[in-house]
Amino acid sequence: MAGKQNYDVIVIGAGSVGNPAACFLAQKGMKVLVIEKRAAAGQGDNKAAIGGVRATHSDPGKISICMESLGIFKSWQEQYGFDVGWKPGGYCFPVYDEKIENTLKALLPIQKKFGLNIDWVDSAAIRELIPGIEPSGLRGGTYSPEDGQVSPLLAPVAFQREAEKHGAKYLFNEKVIGYTRENNRITGVLTDKGEYAAGQVVLAAGADAAEHSALLGIDIPVTPDSHEGGISAPIEHFLAPLVVDLRPGPEGKTANFYFGQNKEGQIIFCYTPKELFIGTDRESLSEFLPILAQRMISLIPRFKNLLIRRVWRGCYPMTPDGVPIMDAPRQLSGLFLAVGMCGQGFMLGPGAGKNIAAMLTEGLPIISGEANDCFRYDRDFHKKTTETLK
Ligand SMILES: Cc1cc2nc3c(=O)[nH]c(=O)nc-3n(C[C@H](O)[C@H](O)[C@H](O)COP(=O)(O)OP(=O)(O)OC[C@H]3O[C@@H](n4cnc5c(N)ncnc54)[C@H](O)[C@@H]3O)c2cc1C
């Protein structure tokens, strides 16, 4: 067993959020240790993401953090010389239904208030953005041109390399199983291989976060539910934006579905099941692809010729209100919670990482107080929020 070693910050989990948090903390001169139970960075639910990065939300916190993420991803290659697979092209929500039109239009004022470049566009514009989309009944939709797509396989390498360049240490295949504490102060962690001390511990354990409730003696309200995704063989580039169809499916199984064409030309896709699958089962279901294929072909008939390469299943670490927790709980000092990223942890990750680094080193968030308050641990999780796109 390793002896006790001292760090400024220990990050639990090298995932969508922990890995960029480690990177930005190390950039600020912190002595950082990242402990990851899997064999490499990004191998938890990070790699299940389809790589959509949008600031198109209705919760002020998510809008502000994702705008930061977009800035980081867009400029990464220029700044650090590493290609994260950034593909601009925006996000488009095509609409066939009056109720969905009203919902999306009602969100525009709050989205614009927080600086989002988004508007309602007519059906002709949607047909240009999504060539081959079913035109009958198409009412128009929203389009946010500054959103985009990033590779969830390349991004973890980028953040780890930058973190290590600034001295961060990564331990893989090592699981945090407990904490050391003095009264109400967390002073470090216990793993299945050793003990490590630090001034601050950041819990970024994704779908496993609630396991730490008992270890810490506080409630961490994160319940994972599983979602499936898939990817095709590459085809000629024809689709710039990521597309979200918010209609529930006629088959009664899907609440909505979304897809995009990545930098390599592959179509990458998911749906949100109508009945959620609570838990961490990551075995693919045989019903996913036939249902998804039907939805894709009814929206864009030319997809009938797509060759599908593989499918997978991963988890959304959900909070009761669909908004993450990024806060230091008042009950315990030395602990920062970066959990409950819901269906948007990949896009929140870089902005969240930067925000966490600023809060732990300077005591102030990089986003407005109003936006940052959305992530408080002591909020009422059952109060209705503005967030409708969880
Ligand atoms: C099909 C699908 C599609 C998705 N598409 C998108 C998308 O397009 N855009 C988007 O933003 N999000 C998307 N998501 C959601 C996204 O994948 C998650 O929100 C995100 O990965 C969660 O980030 P995280 O850092 O909280 O968790 P993770 O990335 O899972 O990281 C947590 C890490 O902690 C480690 N860990 C856990 N417990 C311990 C422990 N005790 N000790 C050490 N290590 C530990 C885990 O191994 C893991 O690596 C999608 C999810 C799915 C399933």
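Here, the structure is the one placed above.
Keep in mind that this is a model prediction, so the values were computed, not measured. (Residues numbered from 1 in each chain as written. Predicted model: local features only at pLDDT ≥ 70, side-chain atom pairs only at ≥ 80, totals over all residues. Heavy atoms only, no water.)

A.B. asks: Quick question: what am I supposed to make of the site of the ligand here?
C.D. replies: As a structural note, the neighbourhood of the ligand is formed by 40 residues, with Glu36, Arg38, Asp45, Cys342 and Met347 the closest of them. In the environment of the ligand, an oxygen atom lies 2.8 Å from a nitrogen or oxygen atom belonging to the backbone of Asp45. The contact in question runs from an oxygen atom of the ligand to an N or O atom on the backbone of Gly52, over 2.9 Å. Surface burial for the ligand is 99%, taken as the share of its 990 Å² of free accessible area covered by protein chains. Secondary-structure elements contributing two or more residues to the shell around the ligand are β13 (223-232), β18 (308-318) and α8 (345-362). Taken together, the residues of the shell around the ligand sort by class into 17 nonpolar, 15 polar and eight charged. (Near = heavy atom within 4 Å. Polar contact = N/O pair within 3.5 Å; in protein donor to acceptor, adjacent residues only side chain to side chain. Areas by Shrake-Rupley, 256 points an atom, 1.4 Å probe, with all protein chains shown as cover. Helix = DSSP H or I, 4+ residues; strand = E, 2+ residues; numbered from the N terminus. Nonpolar A, V, L, I, M, F, W, Y, C, P; charged D, E, K, R; others polar.)

A.B. asks: Help me out: how do you make sense of the sheet that holds strand β3 (residues 52-53) in this one?
C.D. replies: Sheet strands associate in pairs through backbone hydrogen bonding, adopting either a parallel or an antiparallel arrangement. With antiparallel pairing, three strands are arranged side by side in an open sheet as β3-β8-β4. With one partner strand each, in any of the chains shown, β3 and β4 (87-88) form the two edges of the open sheet. In this sheet, strand β8 (residues 148-149) lies alongside β4 in antiparallel orientation, the contact comprising two bridges. The residue bridging Pro88 from the neighbouring strand is Gly148, located in β8. (Pairing = 2+ DSSP bridges.)

A.B. asks: Sorry if this is basic, but what is going on with the pattern of salt bridges here?
C.D. replies: Side chains that differ in sign of charge can pair as their charged atoms come close. Counted according to the given criterion, the structure contains 18 salt bridges. Put simply, Asp245 and Arg247 hold a salt bridge, and the shortest N to O gap is 2.8 Å. (Salt bridge = Lys/Arg side-chain N within 4 Å of Asp/Glu carboxyl O.)

A.B. asks: What is the right way to read the environment of Pro221 from this model?
C.D. replies: Here Pro221 shows up in the loop between α6 (211-216) and β13. Taking the relative accessible area as the measure of exposure, Pro221 reaches 14% and is therefore buried. Sequence separation between Pro221 and Pro320 is 99 residues, and the spatial gap between their C-alpha atoms is 7.1 Å. Leave out the neighbours within four places in its chain, and Pro221 touches Met318, Thr319, Pro320, Ile325, Tyr377 and Phe381. (Buried < 20%, exposed > 50% of the residue type's maximum accessible area, 1.4 Å probe, protein only. Contact = heavy atoms within 4.5 Å.)

A.B. asks: What is the right way to look at helix α5 (residues 155-165) in this model?
C.D. replies: One turn of an α-helix holds 3.6 residues; hence residues three or four places apart share an orientation. Listing the buried residues of α5 in full gives Ala155, Pro156, Ala158, Phe159, Gln160, Glu162 and Ala163. Packing partners of the buried residues in α5 comprise α1 (18-27), α2 (60-80), β9 (169-171) and α8. Directly beyond the C-terminal end of α5, a positive phi value near 95° is found at Gly167.

A.B. asks: What is the right way to look at the nonpolar core in this model?
C.D. replies: Soluble globular proteins tend to bury their nonpolar side chains together. Ranked by internal contacts, the top residues of the largest apolar core, which has 72 residues, are Phe73 and Trp76. The residues touching Phe73, leaving out its near neighbours within four places in the chain, are Val53, Val84, Trp86, Val150, Ala155, Phe159, Phe346 and Pro350. In terms of nonpolar packing, the next biggest core, distinct from the first, is built from 27 residues, Tyr196, Ala209, Ile218 and Tyr377 among them. (Core = buried A, V, L, I, M, F, W, Y, C linked by side-chain atoms within 4.5 Å.)

A.B. asks: Would you mind going over unusual backbone geometry with me for this structure?
C.D. replies: Trans is the common state for peptide bonds, and a negative phi is the common state for residues other than glycine. The phi dihedral of Asn173 falls on the positive side, at around 55°, and the residue is not glycine. Following the sequence through the fold, Asn173 ends up in the loop between β9 and β10 (176-182). For Asn173, a relative accessible area of 43% corresponds to the partly exposed category. With a phi angle near 50°, Asn183 is a residue other than glycine that sits in the positive phi range. By the element assignment, Asn183 lies in the loop between β10 and β11 (185-191). The class of Asn183 is exposed, set by a relative accessible area of 71%.

A.B. asks: Just checking my understanding: could you explain the packing of aromatic side chains for this structure?
C.D. replies: Geometrically, a pair of aromatic rings is defined through the distance of the ring centres and the angle of the planes. This model, assessed by the stated rule, comprises 12 aromatic pairs. On the basis of an interplanar angle of 55° and a centroid distance of 6.1 Å, the ring pair of Phe73 and Phe159 is categorised as tilted. Residue Phe73 is found in helix α2, and its partner Phe159 is found in helix α5; the two are separated by 86 residues along the sequence. Residues Phe73 and Phe159 agree in their burial class; the two are buried. Centroid distance Tyr91 to Phe93: 6.4 Å. Interplanar angle 35°. Geometry classified as tilted. Here the aromatic residues Phe24, Phe73, Trp76, Tyr80, Phe159 and Phe346 are joined through ring pairs into a cluster of three or more. (Phe/Tyr/Trp six-rings, centres within 6.5 Å; stacked < 30°, edge-to-face > 60°.)

Shape descriptors only; they carry no functional weight alone.
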